[in-house]
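A structural walkthrough
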Amino acid sequence: MKLLRYGQKGEEKPGLVDAEGRIRDLCAHLTDISPATLAPPVLAELSRLDPLSLPLVEGTPRLGVPIASVGKFIAIGLNYVDHAIEADLPIPKEPVVFTKAISSLSGPNDTVMLPKESAKGDWEVELGIVIGTRASYVEEEGALAHVAGYCLVNDVSEREYQLERGGTWDKGKGCDTFGPVGPWLVTRDEVGDPQNLDIWLDVNGVRMQAGNTRTMIFSCAEIVSYLSRFMTLMPGDIITTGTPPGVGMGKKPSPIYLRPGDVMSLGIERLGSQRQDVVAWTRA
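Some thoughts on the environment of Asp189
Inspection of the secondary structure puts Asp189 in helix α4 (residues 188-191). Residue Asp189 is classed as exposed on the basis of its relative accessible area, which comes to 67%. Residues Asp189 and Met231, 42 residues apart in the sequence, show an inter-C-alpha distance of 26 Å. For Asp189, the side chain forms a polar contact with the side chain of Thr187, separated by 2.7 Å.

Laid out in C-alpha cells, this is it:
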C-alpha cells in the first residue's frame, strides 16, 4: 500500500493511493495515519480494503508528512562510499548517527526556507525507513520485521552550520523545513528489497545525484539493528539512511549551494517524487 496524508498543514486527512495513482479517502476507517496505524493487524486490515470502494479525493491537494506524531527523526551520515570521498571525510567503520529536529518535518512539496544568514544550503536525497513495531536490541536477521515501510526524504542541510560552527552536525540539519518526507509511506511488502532502488535528485532541472541503494555501506537491516542497541525504536520513528554522491558541497571545481529561487526535484524508485521551491528566510 501507499499511505499518505493530504490537506492543509495541521488539518491533514488519511488516504491511500489506488492502482491509477489517485488519492482515496480513509477517514471512514482511520482518524489519521499515526504510529498506531502501523501495527501489523491494522496494516493487514487496511490492505484488505478495496481502494475503489473508498471516496475519491478530487484535485491535487497538498500532501503532508505521511505519518503523524513522529517521535524520532534519526539520520545516518556518510553511508555511501563516494559521498564520504566527495565530502573529504573518512569512510565510517560504524554508522554515523545524528538527529534531525522533529520541527524540521515538512510535506514533500512544501517550500524549503533557507535559515537566516544561510550561506551553504545543500540537498541530500535519501531512503527513509519508517518503524512499525518496537525494536530494542534486535538482530540484523530480523530487523526488517520491525519496519512498516519506506519513504523518500530530502535531508536538506546547511553546511556552514553543520561543519564550521563547532559541536555536532545537528544544528545544520534541523532547521525549519529541512525535512521534506513523502509523498507516501510505502509498506514493506510493496517495496520488496530496499537495497535495490534507483535514487536521483535535480536542481533547476540539472541532474545532481544519481545512484542506487545497493551501494549503501550499511544496509537498512544493519542500520535498524545498530540503532536499536543505543535507543529503543518506536512505531512512527523515521530513519533517513544517507545520500549518494552529488551534493552541492562536493561539486568540483567549486561547491554549488542553494539560493532563493532554486527548485529541487527528487525521487526514489517505487517511493514517488518530491518538488520543493527554495525561498529566503522570513519570520513566521
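On we go.
A look at the sheet that holds strand β15 (residues 206-212)
Taking strand neighbours across the sheet as the criterion, the five strands line up as β7-β18-β17-β14-β15 in an open arrangement whose pairing is mixed. Pairing within the sheet leaves two strands with one partner each, and these edge strands are β7 (112-113) and β15. Where strand β14 (residues 198-203) lies against β15, six bridges are found, and the strand directions are antiparallel. When the bridges of β15 are listed, Leu201 appears paired with Gln209.

Observations concerning the environment of Gly132
The residue Gly132 is located in the loop between β9 (125-131) and β10 (147-154) in this model. Gly132 sits 56 residues away from Arg188 along the chain, and the two C-alpha atoms are 9.9 Å apart. The contact partners of Gly132, leaving out residues within four places of it in the chain, are Leu38, Ala39, His146, Val147, Ala148 and Pro235.

Quick word on the packing of aromatic side chains
Tallying each qualifying case throughout the model produces two aromatic pairs. Ring plane angle 55° and centroid distance 4.9 Å describe the contact between Tyr226 and Phe230, whose orientation is recorded as tilted. According to the relative accessible area criterion, Tyr226 is buried, its value standing at 11%.

Overview of the sheet that holds β9
The strand order across the open sheet formed by nine strands is β3-β2-β1-β13-β10-β9-β16-β4-β5, and the pairing between neighbours is mixed. Every other strand in the sheet has two partners, leaving β3 (23-25) and β5 (96-99) as the edge strands with one partner each. Shown here is a sheet whose adjacent strand axes are inclined to one another by a mean of 30°, direction ignored. Direction of pairing for β9 relative to strand β16 (residues 238-240): antiparallel, over a ladder of three bridges.

Focus on the environment of Pro180
With respect to the helices and strands, the residue Pro180 is situated in strand β12 (residues 179-180). Considering only alpha carbons, one finds Pro180 and Val125, 55 residues apart in sequence, at a separation of 10.0 Å. Not counting the four nearest positions on each side in its chain, Pro180 is found in contact with Ser106, Gly107, Pro108, Val112, Leu152, Val153, Asn154, Val156, Gln274 and Gln276.

Considering helix α5 (residues 220-227)
Count 3.6 residues to each turn of an α-helix, and residues three or four apart come out pointing the same way. With seven of its eight residues buried, α5 lies for the most part within the structure. Regarding α5, the residues found buried are Cys220, Ala221, Ile223, Val224, Ser225, Tyr226 and Leu227. Looking at the buried residues of α5, the elements they touch are β4 (73-77), β5, β9, β10 and β16.

Re the pairing of β10
Side-chain positions along a regular strand alternate between the two faces of the sheet. Summarising burial for β10: eight of the eight residues are buried, a large majority. Two elements, β9 and β10, share seven bridges in a ladder whose sense is antiparallel. Bridge pairing in β10 places Val130 opposite Gly149. The sheet contact formed by β10 and strand β13 (residues 185-187) spans two bridges and is antiparallel. From the neighbouring strand, Tyr150 faces β13, where its bridge partner is Val186.

Quick notes on the rules
- Residue numbering note: each chain is counted from 1, following its sequence as written.
- Two thresholds apply to this predicted model, a pLDDT of at least 70 for residue-level local features and 80 or more for giving and counting side-chain atom pairs, whereas whole-chain, interface and lining totals are computed over all residues.
- The side-chain figures draw on all heavy atoms in the structure; neither hydrogens nor water molecules are used.
- Numbering goes from the N terminus for both helices and strands, where a helix is a DSSP run of H or I of at least four residues and a strand is a run of E of at least two.
- For every residue, the accessible area obtained with a 1.4 Å probe (protein chains only) is divided by the maximum for its type, and the residue is called buried under 20%, exposed over 50%, and partly exposed between those limits.
- Whenever two N or O atoms come within 3.5 Å, that pair is a polar contact, provided that in protein one can donate a hydrogen and the other can accept it, and provided that, for residues adjacent in sequence, both atoms are side-chain atoms.
- For two strands to pair, DSSP has to find at least two bridges joining them.
- For this analysis, residues touch if any pair of their heavy atoms sits within 4.5 Å.
- Each Phe, Tyr or Trp ring, with Trp reduced to its six-membered ring, pairs with another whose centre is within 6.5 Å; inter-plane angles below 30 degrees give stacked pairs, above 60 give edge-to-face pairs, and intermediate values give tilted ones.
- Here the axes come from fitting lines to C-alpha atoms, over the contacting stretch only for helices, and the angles between their N-to-C directions go from 0 to 180 degrees.

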